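This is what each chain is made of:
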Amino acid sequence: MEIPAPLRLRIDRDALQSNWQALDRLSGTAACGAAVKANGYGLGATLVAKALAEAGCRDFFVANWAEALALAPLGLTVSVLHGLRADDVEVARAGFARPVLSTPEQIARWRDSGGGLCDVMVDTGMNRLGVSVEAVTGGLLDGLQIETLLSHLACADEDVPMNARQQAAFAGLKGQTGARRMSLANSAGIGLGADYRFDLTRPGLALYGGVPRPDMAQHLRQVAWPEAQILQRRHVPAGETVGYNATWTAPADTEVAILNLGYADGYRRALSGLGAAVVDGVKLPVLGRVSMDLLAINVTARADLAEGDWLSMDYDLAAASAASGVSQYELLTGLAQRFARG
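These numbers were taken from a predicted model, which means no experiment stands behind them.

The rules we used
Residues numbered from 1 in each chain as written. Predicted model: local features only at pLDDT ≥ 70, side-chain atom pairs only at ≥ 80, totals over all residues. Heavy atoms only, no water. Domains from an automatic or database assignment. Phe/Tyr/Trp six-rings, centres within 6.5 Å; stacked < 30°, edge-to-face > 60°. Helix = DSSP H or I, 4+ residues; strand = E, 2+ residues; numbered from the N terminus. Buried < 20%, exposed > 50% of the residue type's maximum accessible area, 1.4 Å probe, protein only. Core = buried A, V, L, I, M, F, W, Y, C linked by side-chain atoms within 4.5 Å. Contact = heavy atoms within 4.5 Å. 1 Å grid on protein atoms, 1.4 Å probe; cavity = no way out; pocket = protein on both sides within 12 Å on 5 of 7 lines; lining within 4 Å. Points joined across faces, edges and corners; volume = space filled by probe spheres on them. Nonpolar A, V, L, I, M, F, W, Y, C, P; charged D, E, K, R; others polar.

Engineer: Any chance you could break down the domain arrangement of the protein chain for me, citing the residues and the numbers?
Structural biologist: Under the domain assignment, the protein chain is made up of domain 1 (12–215) and domain 2 (224–315). The straight-line distance from the C-alpha centre of domain 1 to that of domain 2 is 40 Å.

Pasting the structure below:
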(Lines give C-alpha, C1' and ligand atoms only; values in the text may rest on other atoms or scores of the structure.)
Protein backbone atom coordinates (compact mmCIF):
# COMPACT_ATOMS: atom_id res chain seq x y z
CA MET A 1 0.00 0.00 0.00
CA GLU A 2 1.42 3.38 -0.99
CA ILE A 3 0.60 6.18 1.45
CA PRO A 4 1.02 9.79 0.30
CA ALA A 5 3.72 11.55 2.34
CA PRO A 6 2.50 14.37 4.59
CA LEU A 7 5.75 16.23 3.85
CA ARG A 8 7.25 17.41 0.57
CA LEU A 9 10.62 18.85 -0.29
CA ARG A 10 10.05 21.04 -3.32
CA ILE A 11 13.22 21.23 -5.39
CA ASP A 12 13.67 23.82 -8.11
CA ARG A 13 15.75 22.03 -10.72
CA ASP A 14 16.05 25.20 -12.80
CA ALA A 15 17.59 27.00 -9.81
CA LEU A 16 19.93 24.07 -9.16
CA GLN A 17 21.12 24.11 -12.76
CA SER A 18 21.36 27.91 -12.75
CA ASN A 19 23.57 27.77 -9.65
CA TRP A 20 25.92 25.27 -11.30
CA GLN A 21 26.08 27.39 -14.44
CA ALA A 22 26.90 30.48 -12.37
CA LEU A 23 29.64 28.61 -10.49
CA ASP A 24 30.95 27.25 -13.78
CA ARG A 25 31.27 30.82 -15.08
CA LEU A 26 32.94 31.94 -11.85
CA SER A 27 35.37 29.03 -12.18
CA GLY A 28 36.85 30.68 -15.27
CA THR A 29 39.01 28.28 -17.27
CA ALA A 30 38.65 25.52 -14.63
CA ALA A 31 36.05 22.81 -15.06
CA CYS A 32 33.27 22.91 -12.47
CA GLY A 33 32.33 19.68 -10.72
CA ALA A 34 29.74 18.99 -8.02
CA ALA A 35 29.78 17.52 -4.53
CA VAL A 36 26.70 15.32 -4.30
CA LYS A 37 27.64 13.51 -1.08
CA ALA A 38 25.23 13.17 1.86
CA ASN A 39 22.40 12.30 -0.53
CA GLY A 40 22.96 15.41 -2.62
CA TYR A 41 23.21 17.58 0.52
CA GLY A 42 19.85 16.21 1.57
CA LEU A 43 17.96 16.87 -1.66
CA GLY A 44 18.34 13.43 -3.25
CA ALA A 45 21.62 12.45 -4.92
CA THR A 46 20.10 10.84 -8.01
CA LEU A 47 17.74 13.75 -8.66
CA VAL A 48 20.56 16.27 -8.16
CA ALA A 49 23.14 14.40 -10.22
CA LYS A 50 20.75 13.96 -13.16
CA ALA A 51 19.89 17.67 -13.17
CA LEU A 52 23.53 18.76 -12.97
CA ALA A 53 24.61 16.33 -15.67
CA GLU A 54 21.93 17.80 -17.92
CA ALA A 55 23.36 21.27 -17.18
CA GLY A 56 26.83 20.14 -18.27
CA CYS A 57 28.54 18.94 -15.10
CA ARG A 58 30.99 16.08 -15.71
CA ASP A 59 32.73 15.50 -12.35
CA PHE A 60 30.88 14.31 -9.25
CA PHE A 61 32.13 13.74 -5.71
CA VAL A 62 30.64 11.49 -3.02
CA ALA A 63 31.86 10.51 0.44
CA ASN A 64 31.81 6.71 0.33
CA TRP A 65 31.36 3.71 -1.93
CA ALA A 66 27.71 3.15 -0.98
CA GLU A 67 26.96 6.65 -2.29
CA ALA A 68 28.96 5.92 -5.45
CA LEU A 69 27.11 2.66 -6.01
CA ALA A 70 23.75 4.45 -5.81
CA LEU A 71 24.84 6.69 -8.70
CA ALA A 72 26.38 3.89 -10.78
CA PRO A 73 23.30 3.42 -13.02
CA LEU A 74 23.68 7.02 -14.23
CA GLY A 75 27.08 6.32 -15.79
CA LEU A 76 28.71 9.46 -14.37
CA THR A 77 32.34 10.19 -13.54
CA VAL A 78 32.38 9.84 -9.75
CA SER A 79 35.20 10.21 -7.20
CA VAL A 80 34.96 8.75 -3.69
CA LEU A 81 36.42 11.24 -1.23
CA HIS A 82 36.91 8.82 1.67
CA GLY A 83 39.31 6.71 -0.31
CA LEU A 84 39.83 2.98 -0.10
CA ARG A 85 39.35 0.89 3.04
CA ALA A 86 40.24 -2.78 2.90
CA ASP A 87 36.50 -3.47 2.78
CA ASP A 88 36.14 -1.28 -0.32
CA VAL A 89 38.64 -2.95 -2.64
CA GLU A 90 36.24 -5.37 -4.30
CA VAL A 91 33.63 -2.75 -5.10
CA ALA A 92 36.28 -0.25 -6.19
CA ARG A 93 37.69 -2.73 -8.70
CA ALA A 94 34.28 -2.76 -10.42
CA GLY A 95 35.35 0.51 -12.01
CA PHE A 96 32.25 2.68 -11.66
CA ALA A 97 34.07 5.28 -9.52
CA ARG A 98 37.59 6.40 -8.63
CA PRO A 99 39.05 6.31 -5.12
CA VAL A 100 40.52 9.53 -3.72
CA LEU A 101 43.51 7.99 -1.95
CA SER A 102 44.57 9.84 1.19
CA THR A 103 47.05 7.68 3.13
CA PRO A 104 50.18 5.69 2.27
CA GLU A 105 48.26 2.56 3.29
CA GLN A 106 45.47 3.33 0.82
CA ILE A 107 48.01 3.97 -1.92
CA ALA A 108 49.69 0.61 -1.23
CA ARG A 109 46.30 -1.10 -1.11
CA TRP A 110 45.34 0.35 -4.50
CA ARG A 111 48.65 -0.68 -6.05
CA ASP A 112 48.41 -4.18 -4.60
CA SER A 113 44.88 -4.61 -5.96
CA GLY A 114 46.02 -3.84 -9.49
CA GLY A 115 46.16 -0.05 -9.56
CA GLY A 116 44.60 2.00 -12.30
CA LEU A 117 43.11 5.47 -12.53
CA CYS A 118 42.73 7.19 -9.15
CA ASP A 119 42.65 10.57 -7.46
CA VAL A 120 44.82 11.62 -4.50
CA MET A 121 44.10 13.99 -1.60
CA VAL A 122 46.98 16.10 -0.25
CA ASP A 123 46.82 17.79 3.15
CA THR A 124 47.94 21.41 2.85
CA GLY A 125 47.09 22.40 6.41
CA MET A 126 43.57 21.30 7.30
CA ASN A 127 44.87 18.20 9.09
CA ARG A 128 41.92 16.09 8.12
CA LEU A 129 42.36 13.71 5.17
CA GLY A 130 45.37 13.62 2.87
CA VAL A 131 48.99 12.64 2.40
CA SER A 132 51.59 15.25 3.30
CA VAL A 133 53.17 17.65 0.83
CA GLU A 134 56.54 16.27 1.89
CA ALA A 135 55.46 12.70 1.06
CA VAL A 136 54.38 13.81 -2.40
CA THR A 137 57.66 15.61 -3.14
CA GLY A 138 59.47 12.58 -1.71
CA GLY A 139 58.03 10.30 -4.37
CA LEU A 140 55.11 8.59 -2.60
CA LEU A 141 52.91 8.96 -5.68
CA ASP A 142 55.48 7.95 -8.26
CA GLY A 143 54.03 5.53 -10.79
CA LEU A 144 50.39 6.12 -9.79
CA GLN A 145 47.92 6.81 -12.59
CA ILE A 146 46.44 9.99 -11.10
CA GLU A 147 43.54 11.78 -12.73
CA THR A 148 43.15 14.57 -10.15
CA LEU A 149 45.35 15.76 -7.31
CA LEU A 150 43.12 17.39 -4.67
CA SER A 151 43.43 19.41 -1.51
CA HIS A 152 40.81 21.13 0.64
CA LEU A 153 40.61 24.67 2.02
CA ALA A 154 39.93 25.00 5.73
CA CYS A 155 38.79 28.64 5.88
CA ALA A 156 37.69 29.68 2.39
CA ASP A 157 34.58 31.38 3.76
CA GLU A 158 36.83 33.82 5.65
CA ASP A 159 39.54 36.18 4.43
CA VAL A 160 42.42 34.85 6.50
CA PRO A 161 46.14 34.22 5.81
CA MET A 162 45.66 30.46 5.95
CA ASN A 163 43.98 30.53 2.54
CA ALA A 164 47.10 31.89 0.83
CA ARG A 165 49.34 29.45 2.70
CA GLN A 166 47.28 26.48 1.52
CA GLN A 167 47.15 27.81 -2.04
CA ALA A 168 50.91 28.25 -2.12
CA ALA A 169 51.56 24.79 -0.71
CA PHE A 170 49.29 23.21 -3.29
CA ALA A 171 50.59 25.29 -6.19
CA GLY A 172 54.08 24.12 -5.26
CA LEU A 173 53.09 20.60 -6.30
CA LYS A 174 52.59 21.54 -9.96
CA GLY A 175 54.74 19.21 -12.01
CA GLN A 176 55.63 17.06 -8.99
CA THR A 177 53.23 14.26 -9.92
CA GLY A 178 51.76 12.78 -13.06
CA ALA A 179 48.29 14.09 -12.19
CA ARG A 180 46.34 15.34 -15.20
CA ARG A 181 44.45 17.93 -13.12
CA MET A 182 44.68 19.78 -9.81
CA SER A 183 41.68 20.78 -7.66
CA LEU A 184 41.54 22.94 -4.53
CA ALA A 185 38.47 25.20 -4.51
CA ASN A 186 35.17 24.30 -2.86
CA SER A 187 32.16 26.66 -3.12
CA ALA A 188 33.79 29.43 -1.09
CA GLY A 189 37.16 28.77 -2.69
CA ILE A 190 35.74 29.69 -6.09
CA GLY A 191 35.10 33.15 -4.66
CA LEU A 192 38.70 33.60 -3.54
CA GLY A 193 39.90 34.22 -7.09
CA ALA A 194 41.59 32.64 -10.08
CA ASP A 195 44.69 31.49 -8.17
CA TYR A 196 42.53 29.06 -6.18
CA ARG A 197 40.67 27.44 -9.06
CA PHE A 198 43.44 25.41 -10.73
CA ASP A 199 41.94 22.90 -13.21
CA LEU A 200 38.75 21.76 -11.44
CA THR A 201 36.49 23.28 -8.77
CA ARG A 202 34.30 21.24 -6.44
CA PRO A 203 31.32 23.28 -5.23
CA GLY A 204 28.82 21.81 -2.80
CA LEU A 205 26.82 24.22 -0.63
CA ALA A 206 26.47 26.91 -3.28
CA LEU A 207 24.90 24.48 -5.74
CA TYR A 208 21.99 24.02 -3.35
CA GLY A 209 21.34 27.70 -2.67
CA GLY A 210 23.68 28.18 0.28
CA VAL A 211 25.79 31.33 0.36
CA PRO A 212 29.43 30.45 1.15
CA ARG A 213 30.65 34.05 0.97
CA PRO A 214 28.48 37.20 0.99
CA ASP A 215 29.95 38.42 -2.30
CA MET A 216 28.64 35.29 -4.04
CA ALA A 217 24.99 35.73 -2.99
CA GLN A 218 24.02 37.62 -6.14
CA HIS A 219 24.87 34.61 -8.28
CA LEU A 220 22.83 32.01 -6.38
CA ARG A 221 19.16 31.06 -6.11
CA GLN A 222 17.24 29.14 -3.47
CA VAL A 223 16.74 25.51 -4.50
CA ALA A 224 14.70 23.76 -1.77
CA TRP A 225 11.54 24.49 0.19
CA PRO A 226 10.14 22.12 2.85
CA GLU A 227 6.35 21.87 2.57
CA ALA A 228 4.00 20.44 5.18
CA GLN A 229 0.28 19.80 5.53
CA ILE A 230 -1.92 21.42 8.12
CA LEU A 231 -3.14 18.76 10.56
CA GLN A 232 -5.39 21.04 12.57
CA ARG A 233 -6.49 24.69 12.65
CA ARG A 234 -7.35 25.97 16.09
CA HIS A 235 -8.35 29.15 17.89
CA VAL A 236 -6.06 30.16 20.75
CA PRO A 237 -7.59 32.77 23.07
CA ALA A 238 -5.54 35.68 24.38
CA GLY A 239 -3.43 34.58 27.34
CA GLU A 240 -3.27 30.92 26.31
CA THR A 241 0.07 29.28 25.42
CA VAL A 242 1.24 27.05 22.58
CA GLY A 243 3.65 24.11 22.66
CA TYR A 244 6.22 22.65 25.03
CA ASN A 245 7.27 24.74 28.03
CA ALA A 246 4.63 27.34 27.12
CA THR A 247 7.25 29.62 25.57
CA TRP A 248 4.70 31.56 23.51
CA THR A 249 1.66 33.29 24.97
CA ALA A 250 -1.05 34.67 22.69
CA PRO A 251 -1.11 38.48 23.07
CA ALA A 252 -4.57 38.45 21.45
CA ASP A 253 -6.95 35.87 20.07
CA THR A 254 -4.89 33.99 17.47
CA GLU A 255 -5.60 31.50 14.71
CA VAL A 256 -3.01 28.72 14.73
CA ALA A 257 -2.23 25.96 12.25
CA ILE A 258 -0.46 22.82 13.46
CA LEU A 259 1.85 21.42 10.77
CA ASN A 260 3.08 17.90 10.19
CA LEU A 261 6.75 18.99 10.51
CA GLY A 262 9.34 18.96 13.28
CA TYR A 263 12.96 18.54 14.22
CA ALA A 264 12.86 14.80 13.44
CA ASP A 265 12.37 15.94 9.83
CA GLY A 266 15.32 18.32 10.00
CA TYR A 267 13.32 21.47 10.69
CA ARG A 268 15.58 22.50 13.52
CA ARG A 269 14.47 23.24 17.08
CA ALA A 270 16.73 26.29 16.85
CA LEU A 271 14.12 27.82 14.52
CA SER A 272 11.56 27.92 17.36
CA GLY A 273 10.01 31.37 17.37
CA LEU A 274 12.22 32.36 14.41
CA GLY A 275 11.02 30.40 11.39
CA ALA A 276 7.99 31.06 9.22
CA ALA A 277 5.80 29.64 6.52
CA VAL A 278 5.20 31.72 3.40
CA VAL A 279 1.88 32.10 1.57
CA ASP A 280 1.61 34.46 -1.40
CA GLY A 281 4.72 36.28 -0.21
CA VAL A 282 3.37 36.80 3.32
CA LYS A 283 5.34 35.27 6.21
CA LEU A 284 3.35 33.37 8.83
CA PRO A 285 5.59 33.01 11.90
CA VAL A 286 6.39 29.86 13.86
CA LEU A 287 4.90 30.06 17.36
CA GLY A 288 6.63 28.53 20.37
CA ARG A 289 8.83 25.45 20.31
CA VAL A 290 9.40 23.26 17.30
CA SER A 291 8.70 19.74 18.58
CA MET A 292 9.73 16.37 17.18
CA ASP A 293 6.96 16.01 14.61
CA LEU A 294 4.87 19.18 14.87
CA LEU A 295 5.09 22.95 14.84
CA ALA A 296 2.59 25.79 15.16
CA ILE A 297 2.12 28.67 12.71
CA ASN A 298 0.21 31.92 13.16
CA VAL A 299 -2.42 31.91 10.40
CA THR A 300 -4.60 34.74 11.72
CA ALA A 301 -3.97 36.64 8.47
CA ARG A 302 -5.27 33.74 6.36
CA ALA A 303 -8.83 32.73 7.13
CA ASP A 304 -8.82 30.47 4.06
CA LEU A 305 -6.22 28.00 5.35
CA ALA A 306 -7.64 24.75 6.70
CA GLU A 307 -6.83 21.14 7.57
CA GLY A 308 -5.20 19.37 4.62
CA ASP A 309 -3.78 22.51 3.01
CA TRP A 310 -0.06 22.65 2.26
CA LEU A 311 2.26 25.38 3.51
CA SER A 312 5.72 26.15 2.20
CA MET A 313 8.34 27.01 4.80
CA ASP A 314 10.62 29.99 4.40
CA TYR A 315 14.00 28.26 4.01
CA ASP A 316 16.47 30.85 2.81
CA LEU A 317 19.63 29.14 4.03
CA ALA A 318 21.76 32.18 4.80
CA ALA A 319 18.95 33.96 6.64
CA ALA A 320 17.87 30.85 8.57
CA SER A 321 21.47 30.18 9.55
CA ALA A 322 22.01 33.73 10.75
CA ALA A 323 18.78 33.65 12.76
CA SER A 324 19.24 30.22 14.33
CA GLY A 325 22.99 29.82 14.64
CA VAL A 326 22.77 26.51 12.75
CA SER A 327 25.12 26.20 9.77
CA GLN A 328 23.70 26.24 6.27
CA TYR A 329 25.20 22.78 5.74
CA GLU A 330 23.27 21.34 8.70
CA LEU A 331 20.03 23.01 7.61
CA LEU A 332 20.33 21.24 4.25
CA THR A 333 21.76 17.84 5.08
CA GLY A 334 19.49 17.36 8.09
CA LEU A 335 16.34 17.24 5.98
CA ALA A 336 15.11 13.74 6.70
CA GLN A 337 13.62 10.88 4.73
CA ARG A 338 9.98 11.54 5.62
CA PHE A 339 9.94 14.13 2.81
CA ALA A 340 8.75 13.17 -0.64
CA ARG A 341 11.26 14.85 -2.95
CA GLY A 342 10.45 16.37 -6.28
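Engineer: Kindly report on the packing of aromatic side chains, identifying the contributing residues and their values.
Structural biologist: Considering all chains together, one arrives at 5 aromatic pairs under this definition. Here Tyr41 and Tyr208 contribute two aromatic rings whose centre-to-centre distance is 4.7 Å and whose plane-to-plane angle is 25 degrees, an arrangement assigned as stacked. Residue Tyr41 is found in helix H2 (residues 37–41), and its partner Tyr208 is found in the loop between strand E11 (200–201) and strand E12 (224–236); the two are separated by 167 residues along the sequence. Of the two residues examined, Tyr41 and Tyr208, each falls in the buried class.

Engineer: Go over the nonpolar core, please, and point to the residues and values.
Structural biologist: Judged by nonpolar contacts, the single largest core of 93 residues is most densely connected at Leu52 and Phe60. The biggest single contributor to this core is helix H3 (residues 45–55), with 8 residues. Of the domains in this structure, domain 1 (12–215) and domain 2 (224–315) are the two that each give at least three residues to this core. Not counting the four nearest positions on each side in its chain, Phe60 is found in contact with Ala34, Val36, Ala49, Leu52, Ala53, Leu76, Thr77, Val78 and Ser79.

Engineer: Describe the layout of surface pockets, with residues and values.
Structural biologist: Looking at the largest pocket, its volume works out to about 750 Å³. Forming the boundary of the largest pocket are 38 residues, of which Lys37, Arg128, His152, Asn186 and Tyr329 lie nearest the centre. Elements represented by at least two residues in the lining of the largest pocket include exactly H2, strand E7 (117–123), helix H9 (187–190) and helix H11 (328–333). Looking at side-chain class alone, the lining of the largest pocket contains 21 nonpolar, 11 polar and 6 charged residues. If you add up the space inside the second largest pocket, you get close to 200 Å³. Val242, Gly243, Ile258, Ser291 and Ala296 are the residues nearest the centre of the second largest pocket, which is lined by 13 residues in total. Contributing elements (two or more residues each) for the lining of the second largest pocket: E12, strand E15 (254–259) and strand E18 (295–298). A per-class count over the lining of the second largest pocket returns 9 nonpolar, 2 polar and 2 charged.

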